[in-house]
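Reading the structure
The lines below spell out each chain.
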Amino acid sequence: MLSQRLGLFYNGLEPILDNSSDVRMVVWSWSPTARQMAVTGGVFVVGVSCFCVGAYFSMVNVAPQQERVKAQREALRNYFKKRFGD
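Residues numbered from 1 in each chain as written. Predicted model: local features only at pLDDT ≥ 70, side-chain atom pairs only at ≥ 80, totals over all residues. Heavy atoms only, no water.

This brings us to the overall build of the chain. Helix and strand counts for the chain come out as three helices and two strands. From first element to last, N terminus to C terminus, the chain shows the α and β order α-β-β-α-α. Burial analysis of the chain (86 residues in total) assigns 8% to the buried set. For the chain, the proportion of contacts with a sequence separation of at least 24, taken over those separated by at least 6, is 0%. By element, 64% of the accessible surface of the chain is carried by carbon and sulfur atoms, the whole surface being about 7900 Å². (Helix = DSSP H or I, 4+ residues; strand = E, 2+ residues; numbered from the N terminus. Buried < 20%, exposed > 50% of the residue type's maximum accessible area, 1.4 Å probe, protein only. Contact = heavy atoms within 4.5 Å. Areas by Shrake-Rupley, 256 points an atom, 1.4 Å probe, with all protein chains shown as cover.)

As a further point, take a nonpolar patch on the surface. A cluster of nonpolar side chains, namely Val53, Tyr56, Phe57 and Val60, defines an oily patch on the protein surface of about 400 Å² accessible area. With respect to the secondary-structure elements, Val60 resides in helix H2 (residues 34–60). (Patch = residues over 30% accessible without salt bridge, like charges linked within 9 Å, V, L, I, M, F, W, Y side chains within 5 Å. Salt bridge = Lys/Arg side-chain N within 4 Å of Asp/Glu carboxyl O.)

Right, let's talk about the pattern of salt bridges for a bit. Side chains that differ in sign of charge can pair as their charged atoms come close. Summed over the entire model, instances satisfying the criterion amount to one salt bridge. Linking Arg77 and Glu74 is a salt bridge whose minimum nitrogen-to-oxygen distance equals 2.8 Å. With a gap of three residues between them, Arg77 and Glu74 both fall in helix H3 (residues 62–84), about one helical turn apart. Here Arg77 falls in the partly exposed class, since its relative accessible area comes to 39%.

Inspection of every chain in the model, using the stated rule, returns three aromatic pairs. Geometrically, the ring pair formed by Tyr79 and Phe80 is tilted, given 5.7 Å between the ring centres and 55° between the ring planes. Among the residues examined, Tyr79 registers a relative accessible area of 46% and is labelled partly exposed. Here Phe80 falls in the partly exposed class, since its relative accessible area comes to 41%. (Phe/Tyr/Trp six-rings, centres within 6.5 Å; stacked < 30°, edge-to-face > 60°.)

Written as C-alpha cells, this is what we have:
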C-alpha cells in the first residue's frame, strides 16, 4: 500500500511503520477511561473473590468427603470378605 511505503501510522492491530522500518503492533487504539479501568478492576476483584470462596468451601468439605469415601471403602471391603471369604 502507498501509505505503508510512506511510513504512515495505523491504529488497531495493524503494524506501525516509521522511517526506520521498525514494525510494532498496537494493542489498543486509545487508552482506557477511568470508568473502564474501574470496571475492569471490579470484575477482577469479583473473580478473585469467587475463586477464594470456592477454595474455602472445598477445604471445609474435605473431611466429610474423606469420611464418606472411607466408609464406602470399608463397606465394599466387608462385602467382598463376606462374599468371597478371606
